[in-house]
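Analysis of the macromolecular model
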Amino acid sequence: MLSSNEEVKKSYLSGDRKLAFDAITQEIKKVKHYLQIENLDVQLHTKDAKSFVRSWDFESYGTDLSSFRKGITLVQQNQTPLVSIELGKRLNIKALCPIFDKETYIGSLEVIMGFEDIAQRLDEKKIHFLVLMDKEFLEIGSWMSELEQINNFVVVNSSCAKNCHDILSSMISKHSLEEGFARADDFLFGFTPLFDINTKRIGYIGIWFGEALLKESLLLRASLSANTKSLHVNDIQSPKSFQTNPEITIR
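What you see is a predicted model; the values in this text were computed from it and never measured. Per chain, the residues get numbers from 1 upward, laid out in the order the sequence is written. A pLDDT threshold of at least 70 governs which residues receive local features in this predicted model, and a stricter bar of 80 or more applies before side-chain atom pairs are shown or counted, although totals over entire chains, interfaces and linings include all residues. Water and hydrogen atoms were dropped before computing side-chain values, which therefore reflect all heavy atoms in the structure.

All right, on to the overall build of the protein then. Helices and strands together make up the secondary structure of the protein, namely seven helices and eleven strands. Relative accessibility thresholds used throughout: buried, under 20% of the residue-type maximum; exposed, over 50%; partly exposed, between the two (1.4 Å probe, protein chains only). Split into buried and exposed, the 251 residues of the protein put 42% on the buried side. We call two residues contacting when some pair of their heavy atoms lies within 4.5 Å. Sequence separation of at least 24 residues holds for 48% of the intrachain contacts in the protein that already meet a minimum separation of 6. Residue burial considers only the protein chains on display, and all accessible areas are found by Shrake-Rupley using a 1.4 Å probe. Of the roughly 15200 Å² that the protein leaves accessible, carbon and sulfur atoms contribute 52%. Comment: elements are numbered from the N terminus, with helices defined as DSSP H or I runs of at least four residues and strands as E runs of at least two.

In structure tokens form, the structure reads like this:
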């Protein structure tokens, strides 16, 4: 929708950054209202992968993004949309789309979302959400250097209070992260590796909740049960036993 905005297209053709900034500012307000999303930014890029307009900082533009933003390069090359978790100055979710004037590629647009809205929705279900990024990536994600750190990780997002961080500090280890599951102080923790657009592991996604929540949720109790045999269908007929005609007709 944003990439098809006529005012945005006009701004590219005329080189009018103010026109683009005003257009996306108005559209962002509508998107936030209708989708009930609080945290959302938009960035426009030129056809040669340089920053054109940023919704959060009008004065910043002209940065060459091709050297460290693979997503923008892929959209530039393939001229098709994509969505990924990508590390730039921040680690977040980025949805990218090409912008065309008729059939001519003139640039690209990305909608940027953090993990706050995900955390808020899970928190409403009494489930806490955590994103951990390996500290080594702070060289790229320089805007996250002031965030809290736990052991060898940067806490990109967390919906828990300080006491939860204290629990995490004593519990997060190579073993628990690789195991993917842990218990501590009446809490259950689950971890899964987090991969970026280059399929490189850059950290972990974690969730945790109080054990008391199991009493309220049959689904959680079933998924964490030590014996899950009853959750699966074991007697599946072998494909060889089906009476099928091996001839296939393609029309």
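Moving on, we get to the packing of aromatic side chains. Two aromatic rings from Phe, Tyr or Trp, using only the six-membered ring of Trp, form a pair when their centres are within 6.5 Å; if the ring planes differ by under 30 degrees the pair is stacked, by over 60 it is edge-to-face, and anything between is tilted. Summed over the entire model, instances satisfying the criterion amount to seven aromatic pairs. Considering the side-chain rings of F187 and F189, the 6.3 Å spacing of their centres and the 50° angle between planes classify their relative orientation as tilted. Grouped by ring-pair contacts, the aromatic residues F187, F189 and W208 constitute a single cluster. Its guanidinium or amino end placed over the ring of W56, R90 lies 5.2 Å from that ring's centre, counting from NZ or CZ. The rule for a charge over a ring is simple: NZ of Lys or CZ of Arg within 6 Å of the ring centre, and within 35 degrees of the ring normal.

Mapped onto the elements, E116 comes out in helix α4 (residues 116-123). Taking the C-alpha atoms as reference, E116 lies 6.9 Å from N157; in sequence the two are 41 residues apart. When neighbours within four sequence positions are excluded, E116 is seen to be in contact with N39 and N157.

Here we come to helix α3 (residues 70-78). Turning to α3, its buried residues are G71, I72, T73 and V75. Check the buried side of α3 and you find it contacts β1 (41-46), β3 (82-87), β4 (91-101) and β5 (104-113). Once α3 finishes, Q79 follows within two positions and takes phi at roughly 55°, a positive value.

Quick look at helix α1 (residues 6-14) now. Restricting attention to buried positions, one finds in α1 the residues V8, K9, S11 and Y12. Take α1 and look down its axis: the buried residues cluster within an arc of 155°, on one side only. Pointing more than 90 degrees away from the buried face of α1 are the exposed residues E6, L13 and S14. The inward-facing, buried residues of α1 contact α2 (17-35), β1, β2 (51-54), β4 and β5. Identification of polar contacts relies on pairs of N or O atoms within 3.5 Å, with a donor-acceptor requirement for protein atoms, meaning one able to donate a hydrogen and the other able to accept it, and with residues adjacent in sequence counted only if both atoms are side-chain atoms. The opening residue of α1, the one whose side-chain oxygen lies 2.8 Å from the backbone nitrogen of E7, is N5. Comment: arc refers to directions from the helix axis out to C-beta atoms.

Through backbone hydrogen bonds, the strands of a sheet pair up, either in parallel or in antiparallel fashion. Ordered in space as β2-β1-β5-β4-β3, the five strands form an open sheet in which the pairing is antiparallel. The open sheet is flanked by β2 and β3, the only strands paired with a single partner. Pairwise comparison of adjacent strand axes, ignoring direction, gives a mean angle of 30° for this sheet. Pairing between β1 and β5: six bridges, direction antiparallel. Bridging from a neighbouring strand, L44 pairs with L109 of β5. Following DSSP output, two strands are said to pair if at least two bridges run between them. Here the axes come from fitting lines to C-alpha atoms, over the contacting stretch only for helices, and the angles between their N-to-C directions go from 0 to 180 degrees.

This part is about the packing of α1 against α2. Contact geometry for α1 and α2: axes closest at 8 Å, N-to-C directions at 165°. With respect to α2, the element α1 is oriented roughly antiparallel. Between α1 and α2 lies a crossing whose hand is left-handed. Seen from α1, the contacting residues are E7, V8, K10 and S11; seen from α2, they are L19, A20, A23 and I24. Amino acid classes used here: Ala, Val, Leu, Ile, Met, Phe, Trp, Tyr, Cys and Pro are nonpolar; Asp, Glu, Lys and Arg are charged; the rest, including Gly, are polar. Classifying every residue of the contact of α1 with α2 gives five nonpolar, one polar and two charged. Orientation categories follow fixed angle ranges, with anything under 35 degrees roughly parallel, anything over 145 roughly antiparallel, 65 to 115 roughly perpendicular, and all other angles oblique. By definition, turning the near helix anticlockwise from the far helix through less than a right angle yields a left-handed crossing, and turning it clockwise yields a right-handed one.

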